[in-house]
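Residues per chain, in single letters:
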Amino acid sequence: FLALIIGFFINSYESPIFLSFYYSILLIFGFFLFDKVFKISFHWYHYVIFIFIIVTGPSLIIIFLSKFVYYDKILHFIHPFLFSFIVYFIINKNKMKYFYKISITFFIVTSCFGFFEIIEFVADLLWNFHLQGVYVRSSDGIYTGETIINPLYDTMIDLILGYLGSFFFFLQSIIRKNFFS
């Protein structure tokens, strides 16, 4: 918690790239800690998936958003799909029907990404980071003032893409189980 507070005050306005890198390292360490504390025993490929999510998300988003403004939309579809594999690994340890396992995975993942949108809203409200909405940004990630997609539409599109990514995992799981097992 203290690391989160410190991160907001270490050059957060002057260097968004540093702040993104700082939080990326913090999230990767947190995932490792989560695995060890709760004795989940993630496989190496779960770490690869999580690191991929972090590297393509918080670490590189500021760099890529200045070059391709819809990069965020790609992530809002791919990340829930990939994150579903991690959540399913945890849920799969319970004894219940397969359909319930993938349904619970779907709802947990969509809830996590809904919570992420709330975090974006709060960060915009408190610190004016311009996380909600699609904006033209400079090469170092600074908001230039030009809006491409307003915050409400951006949030709704992000949520829809997140649901579709999670649903794609759900659908491919059912197809794989029923037709390829």
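Structure first, text after, so check above.
This structure is a prediction, so every number in the text was calculated from the model and none was measured.

The rules behind each value
Residues numbered from 1 in each chain as written. Predicted model: local features only at pLDDT ≥ 70, side-chain atom pairs only at ≥ 80, totals over all residues. Heavy atoms only, no water. Helix = DSSP H or I, 4+ residues; strand = E, 2+ residues; numbered from the N terminus. Buried < 20%, exposed > 50% of the residue type's maximum accessible area, 1.4 Å probe, protein only. Polar contact = N/O pair within 3.5 Å; in protein donor to acceptor, adjacent residues only side chain to side chain. Contact = heavy atoms within 4.5 Å. Salt bridge = Lys/Arg side-chain N within 4 Å of Asp/Glu carboxyl O. Expected span 1.5 Å × (residues − 1). Axes fitted to C-alpha atoms, helices over the stretch in contact; angles between N-to-C directions. Parallel < 35°, antiparallel > 145°, perpendicular 65-115°, else oblique. Left-handed = near helix turned anticlockwise from the far one by under 90°. Nonpolar A, V, L, I, M, F, W, Y, C, P; charged D, E, K, R; others polar.

A. Structural context of the side chain of Q132. Among the structural elements, Q132 can be located in the loop between α6 (98-127) and β1 (134-137). Classification of Q132 as buried rests on a relative accessible area of 10%. Of the polar contacts made by the side chain of Q132, one reaches the side chain of T155; its length is 3.0 Å. Residue contacts for Q132: discarding those within four places in its chain leaves E117, E120, F121, D124, P151, D154 and T155.

B. View of the pattern of salt bridges. Counting across every chain of the model gives four salt bridges. When the shortest N-O distance is used, the salt bridge between D154 and K73 registers 2.1 Å. Note that D154 is positioned in helix α7 (residues 151-179) and K73 in helix α5 (residues 71-91), a separation of 81 residues in sequence. Between K73 and D158 there is a salt bridge; the shortest N-O distance is 2.6 Å. Linking K73 in helix α5 with D158 in helix α7, this pair joins segments that are 85 residues apart in sequence. Given a relative accessible area of 10%, K73 falls into the buried group.

C. Just α6, in detail. Across its 30 residues, α6 extends 43 Å between first and last C-alpha, which sits within 8% of the 44 Å expected from 1.5 Å per residue. For α6, the full list of buried residues reads K101, I102, S103, T105, F106, V109, T110, F113, E117, E120, A123 and D124. Here the buried face of α6 lies against α5 and α7. Following α6 by one or two positions, N128 has its phi on the positive side, about 55°.

D. Expanded view of the packing of α6 against α7. Two numbers describe how α6 lies on α7: the axes approach to 10 Å, and their chain directions differ by 165°. With respect to their mutual orientation, α6 and α7 come out roughly antiparallel. Of the two possible hands of crossing, α6 and α7 adopt the one that is right-handed. Facing α6, whose interface residues are Y98, F99, I102, S103, T105, F106, V109, T110, F113, G114, E117 and E120, α7 presents T155, D158, L159, Y163, S166, F167, F169, F170, S173, I174, R176 and K177. For the contact of α6 with α7, the per-class residue count stands at 12 nonpolar, seven polar and five charged.

Nothing here speaks to function; it is geometry throughout.
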